[in-house]
Amino acid sequence: MKVLVPVKRVLDYNLKVKVKADQTGVDLTNLKMSMNPFCEIAVEEAIRHKEGQPNVAGSHYKAGTVTEIVAVSIGPDQAQETIRTALAMGADRGILVKVDHEVEPLAVAKILKAVVDAEQPQVVILGKQAIDDDSNQTGQMLAALLGWPQGTFASKVEFAGSKVNVTREVDGGLQTVALDLPAIITTDLRLNEPRYASLPNIMKAKKKPIDVKTPGDFGVNVAPRLKVVKVTEPPKRQGGVKVKTVQELVDKLKNEAGVL
Amino acid sequence: MNAFAKPTGALDFDALRPPSPFMGEAHASWRRELRKFVERELAPHVNEWEKAGVLPRDVFRKAGEFGLIGAGFPEAYGGWSEGYDRFMGIVTSEELARLGAGGVSAALMIHGIGLPPILNIGSEEMKARIAPPVLRGEMQISLAITEPSGGSDVAALLTRAERKGDRYVVNGSKMFITGGMTSRYATTAVRTGGPGAGGVSLLLIDLESRGVTRTPLDKQGWWSSDTAALYFDDVEVPAENLIGAENAGFIGIMMNFNGERLGMAAGATASARVCIEEAAAWAQQRRTFGKRLADHQVIRHKIAAMVQRVNASTAYLEHCAWRVSQGETPVADLSLLKVQATETLEFCAREASQILGGAAYLQGSRVERIYREVRVNAIGGGSEEIMRDLAARQLGL
């Protein structure tokens, strides 16, 4: 089966986020950008279902379940580097939908729907959210637009014939849902540990094809529907205080913190 | 998630690295993936390996699979050379240097000096026999030049190899051999002819042969990599293990040094950058006399002086690498570059230690380890004194 994996270019997870002085957003100038970690997990999952795990006894990953992996990114020219990372890990080809400004989740979902219509994958595996805006909306919106079943926050994905069983991390524990294919899956942190791409694969990735498109090619309007009024740093944490008696604690909770 | 987790200041390793006019997307990809490998497979175990004094075998195999050991070597023997230019090599040195444990890369990359003579002047049969298992990380190969009687004066070496029928009989000893305890083979400089450079040959010696004795040497730094004295007592070596022609080994040895010096300069410069990263993070966090260490002029100046030297070394390094990649062999500059880099390392290891204070005197920190690695960099692969002398001769003085 063919799998589509959307990948997003975000500020590297190791870096400390700084708000721009004019409060219009986060400062990205000259900072290292990387693939969103949840997207990396999505790429890894697709590859494991393609390659299997010959060295792991009883692995639920079977070679050949997935036959083709298409990585798609929506962003500026530099998002090609993010696609190359996916190709170096093991994706087969890439699609860049070139947009130079921020794209909101609904517009991303509309573009992805158009890519799905064109590519006809059986599964789309997405990160549950991107670590920049933490929207956690795109997968769900895409499922709604396509009318496909969705298994979000996956911690295990098992394909079985025309179905896929997705184990989800929910508040009460784990829940397994059986979805009919085609389906949408979004990845949680514990689904897998993404690989590092080997040097030969990095080099081979340079020769894998990347199609460049624009939202116009798919007839999608990406004009923002939301307006960012202001971006601010979270308030600095106040130091704690020690209380001498339970009486004092209750008093503070009641009268100062206002939580009782 | 980050194995190098520490308070992030503006002066971390990446921010300190001046943008390179010679590096592009391929270099960035290699850096990113290599960093993942280093942070996942190497960094968490460094303290353990430093204590054990040796790198486990499976680390070599993992590095082989990942492509680190084959990086820059011909594809025909299981390496990967297409697109792996001198600047990819610099990225490799830099990312390994971030460990702050030169012994790990000295052990992992020992084939970087042991294997090239075979690929440069060895027979086709020898290349096919030795290179693939080495590049897969299944066995290691050391380089054995220095002797108890001397190192820098290669042309005066004493270990003798007498031709007897279809074999050579080797007698003598080698000193300070990196990987000597664990390597299967040593590319060994021996005397087959008369005195001087014209009597020196390179011989591939199986270190498991009868008559070979290895003694471990404890040392100041590089604990993760073993170092040995090798003794050869009537060791029989098949004649087909001669690397290149008889009495023509000297040039093979000298060719090797240029690449080694570029690599050492890259590693030393990056280790110096690690010292700044550690010192700057500490200086911005630690408060004394009511202000940050970084706000004391004496500390600010130390950090600026470190950056000044590291950036100068980086520019020289990249310029030399560019000349080499254009087909030049700028021996004088490669020699002086190594001096520039190791003096920078010495300066930065000292200044970072002063800024970190007691914290740099305790074992287990990157600066403490790097401080103990200054001498092996400043002496190994050509001492600063020999490098300057070589440069002066090359400059026609």
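Residues numbered from 1 in each chain as written. Chains lettered and ligands numbered in written order. Predicted model: local features only at pLDDT ≥ 70, side-chain atom pairs only at ≥ 80, totals over all residues. Heavy atoms only, no water.

1. Comments concerning the overall build of chain B
Counting its regular elements, chain B contains 15 helices and 10 strands. Against the 2.2 N^0.38 benchmark of 21 Å for 397 residues, chain B shows a C-alpha radius of gyration of 21 Å, consistent with a compact globule. If you line up chain B on its principal axes, its C-alpha atoms span 80 × 50 × 40 Å. Put simply, chain B has 397 residues, and 56% of those count as buried. Of the roughly 16400 Å² of accessible surface on chain B, 54% is carried by carbon and sulfur atoms. (Helix = DSSP H or I, 4+ residues; strand = E, 2+ residues; numbered from the N terminus. Rg over C-alpha atoms; globule rule 2.2 N^0.38 Å. Buried < 20%, exposed > 50% of the residue type's maximum accessible area, 1.4 Å probe, protein only. Areas by Shrake-Rupley, 256 points an atom, 1.4 Å probe, with all protein chains shown as cover.)

2. Concerning the domain arrangement of chain B
Residues and elements named next belong to chain B. Split into domains, chain B comes out as domain 1 (25-135), domain 2 (141-249) and domain 3 (251-394). Here domain 1 and domain 2 have C-alpha centroids that lie 23 Å from each other. For the pairing of domain 1 and domain 2, the buried interface totals around 1800 Å² over both sides, and the portion due to carbon and sulfur atoms is 66%. Of all residues in domain 1, the largest losses of buried area upon contact with domain 2 belong to Glu50, Ile110 and Ile121, amounting jointly to 25% of the total for that side. Linking domain 1 with domain 2 are zero salt bridges, by the criterion used here. Where domain 1 packs against domain 2, one counts five residue pairs in polar contact (both at pLDDT 80 or more). Secondary-structure elements contributing two or more residues to the side of domain 1 that touches domain 2 are helix H3 (46-52), helix H6 (102-108), helix H7 (111-114), helix H8 (116-121) and helix H9 (124-135). (Domains from an automatic or database assignment. Buried area = accessible area lost by both parts, 1.4 Å probe. Salt bridge = Lys/Arg side-chain N within 4 Å of Asp/Glu carboxyl O. Polar contact = N/O pair within 3.5 Å; in protein donor to acceptor, adjacent residues only side chain to side chain.)

3. A closer look at the packing of helix H2 (residues 25-42) of chain B against helix H4 (residues 57-66) of chain B
Residues and elements named next belong to chain B. Two elements in contact, H2 and H4, have axes whose closest approach is 12 Å; the angle formed by their N-to-C orientations is 160°. Relative to H4, the element H2 is oriented roughly antiparallel. Read as a crossing pair, H2 and H4 show a hand that is right-handed. Residues Trp30, Glu33, Leu34, Phe37, Glu41 and Leu42 of H2 lie in contact with H4, whose contacting residues are Val59, Lys62, Ala63 and Phe66. Here the contact of H2 with H4 is composed, by residue class, of seven nonpolar, no polar and three charged. (Axes fitted to C-alpha atoms, helices over the stretch in contact; angles between N-to-C directions. Parallel < 35°, antiparallel > 145°, perpendicular 65-115°, else oblique. Left-handed = near helix turned anticlockwise from the far one by under 90°. Contact = heavy atoms within 4.5 Å. Nonpolar A, V, L, I, M, F, W, Y, C, P; charged D, E, K, R; others polar.)

4. Describing the pairing of strand E8 (residues 163-170) of chain A
Residue and element names in this part refer to chain A. One ladder, built from six bridges, connects strand E7 (residues 150-160) with E8; its direction is antiparallel. Bridge pairing in E8 links Ala160 to Lys163. Linking E7 to E8, which pair antiparallel, is a turn of two residues; within it Gly161 sits at a positive phi near 60°. The sheet contact formed by E8 and strand E9 (residues 173-180) spans eight bridges and is antiparallel. In the strand pairing of E9, Val170 is matched with Gly173. Here E8 hands over to E9 after two residues, the two strands then running antiparallel side by side. (Pairing = 2+ DSSP bridges.)

5. Observations concerning the interface of chain A and chain B
Of the residues lining the interface, 22 residues belong to chain A; the matching set on chain B comes to 25 residues. Contact between chain A and chain B buries roughly 2200 Å² in total, counting both sides, with carbon and sulfur atoms accounting for 61%. Among the residues of chain A in contact with chain B, Tyr196, Leu199 and Met203 of chain A are the three that bury the most area, contributing 32% of the side total. Run the count over chain A and chain B and you get four salt bridges. Between Arg40 of chain B and Glu193 of chain A there is a salt bridge whose closest N-O contact spans 3.1 Å. Elements with a minimum of two residues in the side of chain A that touches chain B: helix H2 (79-89) and helix H5 (199-205) of chain A. Counting residues per element, the side of chain A that touches chain B draws most heavily on H5 of chain A, which supplies five residues. The residue makeup of the side of chain A that touches chain B, split by class, is nine nonpolar, three polar and 10 charged.

6. Looking at the sheet that holds E7 of chain A
Residues and elements named next belong to chain A. One open sheet accounts for nine strands, arranged E9-E8-E7-E10-E6-E1-E4-E5-E11; its pairing is mixed. Two strands close off the open sheet at either side, each with one partner strand: E9 and strand E11 (210-213). Averaged over all pairs of adjacent strands, the angle between strand axes in this sheet comes to 30°, irrespective of strand direction. Here strand E4 (residues 68-75) runs beside strand E5 (residues 93-98); their pairing, made up of six bridges, is parallel.

7. Thoughts on the packing of H2 of chain A against H2 of chain B
For the pair H2 of chain A and H2 of chain B, the least separation of the axes is 11 Å and the interaxial angle reads 55°. By the angle between their directions, the pair H2 of chain A and H2 of chain B is classed as oblique. For the element pair H2 of chain A and H2 of chain B, the recorded crossing hand is right-handed. Contact residues: Glu81, Arg84 and Thr85 of chain A in H2 of chain A; Glu25, Arg32 and Glu33 of chain B in H2 of chain B. For the contact of H2 of chain A with H2 of chain B, the per-class residue count stands at no nonpolar, one polar and five charged.

8. Brief notes about the side chain of Thr82 of chain A
Residue position: Thr82 of chain A is located in helix H2. What Thr82 of chain A contacts, discounting residues up to four positions off in sequence, is Val7, Lys8, Arg9 and Met35 of chain A.

9. So, the nonpolar core
Residues and elements named next belong to chain B. Among the nonpolar cores identified, the biggest contains 92 residues, and Trp30, Leu42, Leu68, Val104, Leu108, Leu115 and Ile130 are the most heavily contacted of them. Split by domain, this core shows at least three residues from each of two domains, domain 1 (25-135) and domain 2 (141-249). Membership of the second largest hydrophobic core comes to 40 residues, among which are Phe87, Val310, Ala321 and Leu334. (Core = buried A, V, L, I, M, F, W, Y, C linked by side-chain atoms within 4.5 Å.)

10. Details of the pattern of salt bridges
Side-chain pairs of opposite charge can arise whenever the charged atoms involved come near each other. With the rule as written, the count across this model stands at 53 salt bridges over all chains. Measuring nitrogen to oxygen at the nearest pair gives 3.0 Å for the salt bridge that ties Lys8 of chain A to Asp132 of chain A. Here Asp132 of chain A lies in the loop between strand E6 (123-127) and helix H4 (138-146) and Lys8 of chain A lies in the loop between strand E1 (2-6) and strand E2 (9-11), a separation of 124 residues in the sequence. Assessed through its relative accessible area of 40%, Asp132 of chain A is described here as partly exposed. Between Arg17 of chain B and Glu94 of chain B there is a salt bridge, and its shortest N-O distance comes to 2.8 Å.

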